[in-house]
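Each chain, written out:
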Protein chains: 2
Amino acid sequence: MDKEQSIISNFANKLNGDDGAVIGNVVYSKDMFVEDIHFKSHWLSPRQIGIKAMMVNLSDAVAMNATPRYALLGLGLPRNLSSKYIKELSNGLKEAASQFDTQIIGGDTISSDKLIISLTIISYLNAKNPLSRYGAKVGDIVCYTGDLGGSLKGLRTLLNNGKIGANSRFVRPNLRFEFTKRSAKWLRSGMDISDGLASDLVKITQNRGVKFNKKLSKIEFISAEEYEMLIAVPPRNIKRVLNQAKICRVKLNILGKIINERAKFHGKFSHF
Amino acid sequence: MDKEQSIISNFANKLNGDDGAVIGNVVYSKDMFVEDIHFKSHWLSPRQIGIKAMMVNLSDAVAMNATPRYALLGLGLPRNLSSKYIKELSNGLKEAASQFDTQIIGGDTISSDKLIISLTIISYLNAKNPLSRYGAKVGDIVCYTGDLGGSLKGLRTLLNNGKIGANSRFVRPNLRFEFTKRSAKWLRSGMDISDGLASDLVKITQNRGVKFNKKLSKIEFISAEEYEMLIAVPPRNIKRVLNQAKICRVKLNILGKIINERAKFHGKFSHF
């Protein structure tokens, strides 16, 4: 939304800006996941909603090269939800959290018109410094992990009244914890792809252009909520990073090189 | 809401239950403050909403004998809010935070139908152990700080289409940081009065009765969102605690003694 920048600037201080705030070796990240903003309730089962809400939040920690450990859960629950629905939602949240050995340690529950899942993730840095989305330089090689487009495909199925499984990328993104942890020291910067490659490229390149050496489809460019890693690698480290990807069995796509030009595309942040 | 207990039990583990979760010497507390649940938007100025939302959250930390340091802010903003409104809301949040030297370090902003303020407060314990709401024993003396009823009076004024000032207890509760910090080691248990004395007495006494030696009005019993401290004191420590109250210029009311009976009143949790 267009007011977000002005709000962030209202609270601007040296700790803000990245996916999470860092205090000592602890990373705090917070995201809200809200019915009719991020999903329609009839699209997803309560378990799927729980899985996705948690995964999206864990991704912030993973992208900063931190290990998530604890989660605080704020739930806004419409009064008409059954106990079974809430139980399954809880199970989805716990299932995704336990995949990353993360424990839900507290929170708050209120009643609300729309289903609201507000999560705060407490993570511990894997290295002295977090992996930042800032700092990429002209000449750095931009890469992304995995395959893009699956999230948008899932969304399109839902918009056409179809059903998707719990393993669809729209529900359960692939978080690249091992790869990020192992390769972070060789990276200049990194972030997860949440707004879509087109939009997030502008951020990782800091408004610079990219000389592409890979042809991408439109769906790969615009698919949001992918949560694959987008990284900038100094050329001297690219072999080491490719090697770590191989060890982790992660497909690493070399997208191109950052050039000294203004970015030509301007992604627009939007949910569905 | 009546589903809250079942939700908490879905996530039950040894870290849950009190106002905040404790990891090492860090306390994490999280509360949501939502339009039409906790307030009507026409009741309060955006600054007042910001002050109250922050104060309510800081109270959790104070009540556990912790010093709040950082806050994460999740904002759900209706699209029709002006930049001026958001700026004033931000100012209210920052004003209340700065009263407790607390810094807003990050968060998330989304658009939503209703105004949502979801805060996570990061605090540091003032002693080895947090002040818990559990553990009161038969014979302990139950006390509360300050005067009760001001919050409900403010609420009634608002319900009658009146206006209240930024210093009304409904907007700006008196958090008893110094007194709690100085007296915690002499207390058996303590909590803030958020659901009303009648309801919170059941919690602090663990469903036991109280032999009152103070007569209270109905409004003092039922006024919620007071955020004064409710404490249980072993009789041998009561003089020390009264002395700390005196030093801190906090009025400490001796309500009575916990007796070995079941509680006779059962408060009902409700917002307005």
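Definitions and cut-offs
- Residues numbered from 1 in each chain as written.
- Chains lettered and ligands numbered in written order.
- Predicted model: local features only at pLDDT ≥ 70, side-chain atom pairs only at ≥ 80, totals over all residues.
- Heavy atoms only, no water.
- Helix = DSSP H or I, 4+ residues; strand = E, 2+ residues; numbered from the N terminus.
- Contact = heavy atoms within 4.5 Å.
- Areas by Shrake-Rupley, 256 points an atom, 1.4 Å probe, with all protein chains shown as cover.
- pLDDT = per-residue confidence, 0-100.
- Least-squares fit on C-alpha atoms with pLDDT ≥ 70 in both.
- Buried < 20%, exposed > 50% of the residue type's maximum accessible area, 1.4 Å probe, protein only.
- Pairing = 2+ DSSP bridges.
- Core = buried A, V, L, I, M, F, W, Y, C linked by side-chain atoms within 4.5 Å.
- Domains from an automatic or database assignment.
- Buried area = accessible area lost by both parts, 1.4 Å probe.
- Salt bridge = Lys/Arg side-chain N within 4 Å of Asp/Glu carboxyl O.
- Polar contact = N/O pair within 3.5 Å; in protein donor to acceptor, adjacent residues only side chain to side chain.

A.B. asks: Help me understand the overall build of chain A in this model?
C.D. replies: Helix and strand content of chain A: eight helices and 10 strands. For chain A, the proportion of contacts with a sequence separation of at least 24, taken over those separated by at least 6, is 87%. Counting only carbon and sulfur atoms, one obtains 49% of the accessible surface of chain A, whose full area is about 11,500 Å².

A.B. asks: Which parts of the structure should I look at to understand the confidence of the model for chain A?
C.D. replies: Regions with low pLDDT carry predicted coordinates that are not meant to be interpreted in detail. Residues and elements named next belong to chain A. On average, residues of chain A score 89 in pLDDT, and 90% of them reach the 70 mark or higher. When the criterion is pLDDT under 50, residues 12-17 qualifies, and its contacts beyond four places in sequence or with other chains add up to 14 contacts. Contacts from residues 266-272, a stretch scored under 50 in pLDDT, to residues over four places away or in other chains number 15 contacts.

A.B. asks: I would appreciate a short explanation of the relation of the copies chain A and chain B in the present structure.
C.D. replies: Each copy of the chain is related to the other by a rotation around an axis and a translation along that axis. Screw-axis analysis of chain A against chain B gives a translation of 0.0 Å along the axis, an RMSD of 0.0 Å, and a rotation angle of 180 degrees. On this basis, the relationship between the two copies can be described by a two-fold rotation axis. Take the interface residues of chain A: 98% of them recur as interface residues in chain B, which is what a same-surface contact looks like.

A.B. asks: Mind showing me how you'd approach the pairing of strand S6 (residues 141-145) of chain B here?
C.D. replies: The side chains of a regular strand alternate, first on one face of the sheet and then on the other. Residue and element names in this part refer to chain B. Of all five residues in S6, five are buried; the element is thus mostly enclosed. Side chains of S6 alternate between two faces, with Ile141, Cys143 and Thr145 and Val142 and Tyr144 buried alike. Inspection of the sheet shows S6 paired to strand S9 (residues 229-233) by four bridges, in the antiparallel sense. Opposite Val142, over in S9, you have Ala232 as the bridge partner. Note that S6 and strand S10 (residues 252-262) share five bridges and pair antiparallel. Paired with Tyr144 across the strands is Asn253, a residue of S10.

A.B. asks: Honestly, the environment of Gln99 of chain B in this entry has me stumped. Any pointers?
C.D. replies: Residues and elements named next belong to chain B. As for its position among the elements, Gln99 is in helix H3 (residues 83-99). Residue classification places Gln99 among the partly exposed residues on the basis of a relative accessible area of 45%. Through-space distance from the C-alpha of Gln99 to that of Met55 is 9.6 Å; in sequence the pair is 44 residues apart. In this structure, Gln99 is in contact with Met55 and Arg172, ignoring residues within four places of it in sequence.

A.B. asks: What is the right way to read the nonpolar core from this model?
C.D. replies: One broad rule of soluble globular proteins: the nonpolar side chains tend to lie buried together. Counting 40 residues, the largest nonpolar core has Leu44, Ile49, Met54, Leu93 and Ile117 of chain B as the members making the most contacts within it. Looking at this core, the elements with two or more residues in it are helix H2 (46-63), strand S3 (66-77), H3, strand S5 (116-125) and helix H4 (150-159) of chain B. With nine residues, H2 of chain B is the largest single contributor of residues to this core. The two domains that each donate at least three residues to this core are domain 1 (9-125) and domain 2 (141-262) of chain B. Not counting chain neighbours up to four residues away, the residues in contact with Met54 of chain B comprise Ala71, Leu93, Ala96, Ala97, Ile104, Leu119 and Ile121 of chain B. Counting 39 residues, the second-largest nonpolar core is a separate cluster that includes Ala71, Tyr85, Phe100 and Ile117 of chain A.

A.B. asks: Would you take a moment to explain the interface of chain A and chain B for this structure?
C.D. replies: The accessible area lost on association of the parts is a frequent measure of interface size. Taken together, the contact pairs 52 residues of chain A with 51 residues of chain B. Of the roughly 4,500 Å² buried between chain A and chain B on both sides combined, carbon and sulfur atoms contribute 63%. Where chain A touches chain B, the interface holds two salt bridges. For the interface between chain A and chain B, the tally reads 11 residue pairs in polar contact (both at pLDDT 80 or more).

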